[in-house]
Amino acid sequence: MAVMKICRLGEDVLRKKAHPVKLFDRRMVGLLKDMAETMYAADGCGLAAPQVGILRRIVVIDVGDGLVELINPEITERSATMSIDVEGCLSVPGRRGTVERPDWVKVRAMDRKGREFEFVAEGFFARAVCHELDHLDGVVYVDKMIEDVTEEMKKKGEV
Ligand code: ZN
């Protein structure tokens, strides 16, 4: 396993649409492992493959309940109700901003063996799913940011 270099806002790869995974081979599993290691090393709670320069629809998330690997994920349903909360991004270090996201989302994805599964994510987990899935379409949270709260968070020592 290896820690990968995380691309920063301004790099082209973060603005491109990622391609679906078709080959569930050892290389893909290796990438999943490297992405998880990179996310944990950077103290993040989510990482999408374009953030490490790879245009594949792969996401890893850990909001404190264990590692979730999502391949070719899609949101199939979302709550009508939305919440505004603070987000950060490993590709936008040292900054925080508020974004409006659905309270829950229903997700269909594949596991590392190519088996399809479905789940409902709520609260912060739903927020992380939406944030990471946006990366697969070249969208970064700052595009949707309501308010930049970097200074506010710095005063609280949270950035
Ligand atoms: Zn991000």
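The shown structure was predicted, so the numbers you read here are calculated from the model rather than taken from an experiment. (Residues numbered from 1 in each chain as written. Predicted model: local features only at pLDDT ≥ 70, side-chain atom pairs only at ≥ 80, totals over all residues. Heavy atoms only, no water.)

**Some thoughts on the overall build of the protein**
Phase 1: Secondary structure assignment for the protein yields 3 helices and 8 strands.
Phase 2: Order of helices (α) and strands (β) in the protein, N terminus to C terminus: α-β-β-β-β-β-β-β-α-β-α.
Phase 3: A separation threshold of at least 6 residues defines the contact pool for the protein, and within that pool the share at least 24 residues apart is 67%.
Phase 4: If you sum the accessible surface of the protein, you get close to 8,500 Å²; carbon and sulfur atoms cover 49% of it. (Helix = DSSP H or I, 4+ residues; strand = E, 2+ residues; numbered from the N terminus. Contact = heavy atoms within 4.5 Å. Areas by Shrake-Rupley, 256 points an atom, 1.4 Å probe, with all protein chains shown as cover.)

**Examining the pattern of salt bridges**
Opposite charge on two side chains permits them to pair, given that their charged atoms come into close proximity.
Phase 1: Enumeration over the complete set of coordinates arrives at 13 salt bridges.
Phase 2: The salt bridge involving Lys 17 is made with Asp 137; its shortest N-O contact spans 2.9 Å. Residue Lys 17 is located in the segment before α1 (26-41), and its partner Asp 137 is located in the loop between α2 (123-136) and β8 (147-148); the two are separated by 120 residues in the primary sequence.
Phase 3: Among the ionic pairs, Arg 101 bridges to Glu 87, the shortest N-O distance being 2.8 Å. (Salt bridge = Lys/Arg side-chain N within 4 Å of Asp/Glu carboxyl O.)

**Details of the state of the cysteines**
Phase 1: Within the structure shown, the criterion is met by 0 disulfides.
Phase 2: With no disulfide partner, Cys 7 has as its closest neighbouring cysteine sulfur the one in Cys 89, 11 Å distant.
Phase 3: Residue classification places Cys 7 among the buried positions, given a relative accessible area of 6%. (Disulfide = S-S within 2.5 Å. Buried < 20%, exposed > 50% of the residue type's maximum accessible area, 1.4 Å probe, protein only.)

**A look at α2**
Phase 1: With 14 residues, α2 extends 21 Å between its outermost C-alpha atoms, agreeing within 8% with the 20 Å of an ideal straight helix rising 1.5 Å per residue.
Phase 2: Judged by how many residues are buried, α2 sits mostly within the fold: 12 of 14 residues are covered.
Phase 3: Along α2, the residues classified as buried are Phe 125, Ala 126, Arg 127, Ala 128, Val 129, Cys 130, His 131, Glu 132, Leu 133, Asp 134, His 135 and Leu 136.
Phase 4: One or two residues past the end of α2 sits Gly 138, with phi positive at roughly 75 degrees. (Expected span 1.5 Å × (residues − 1).)

**Let's talk about the pairing of strand β5 (residues 92-102)**
Phase 1: Looking at chain direction, strand β4 (residues 82-89) and β5 are connected through 7 bridges and run antiparallel. Looking at the pairing, Glu 87 lines up with Gly 97 of β5. (Pairing = 2+ DSSP bridges.)

**Some remarks on the environment of Ile 146**
Phase 1: Looking at where Ile 146 falls in the secondary structure, it is placed in the loop between α2 and β8.
Phase 2: Counting along the chain gives 60 residues from Ile 146 to Val 86, while the straight-line C-alpha distance between them is 9.7 Å.
Phase 3: Residue contacts for Ile 146: discarding those within four places in its chain leaves Ile 84, Thr 98, Val 99 and Glu 100.

**As for unusual backbone geometry**
Phase 1: A positive phi angle, near 60 degrees, is found at Asp 43, a position not held by glycine.
Phase 2: Structurally, Asp 43 is set in the loop between α1 and β1 (46-48).
Phase 3: Since its relative accessible area comes to 72%, Asp 43 is described here as exposed.
Phase 4: A positive phi angle, close to 50 degrees, is found at Asn 72, a residue other than glycine.
Phase 5: For Asn 72, a relative accessible area of 16% puts it in the buried group.

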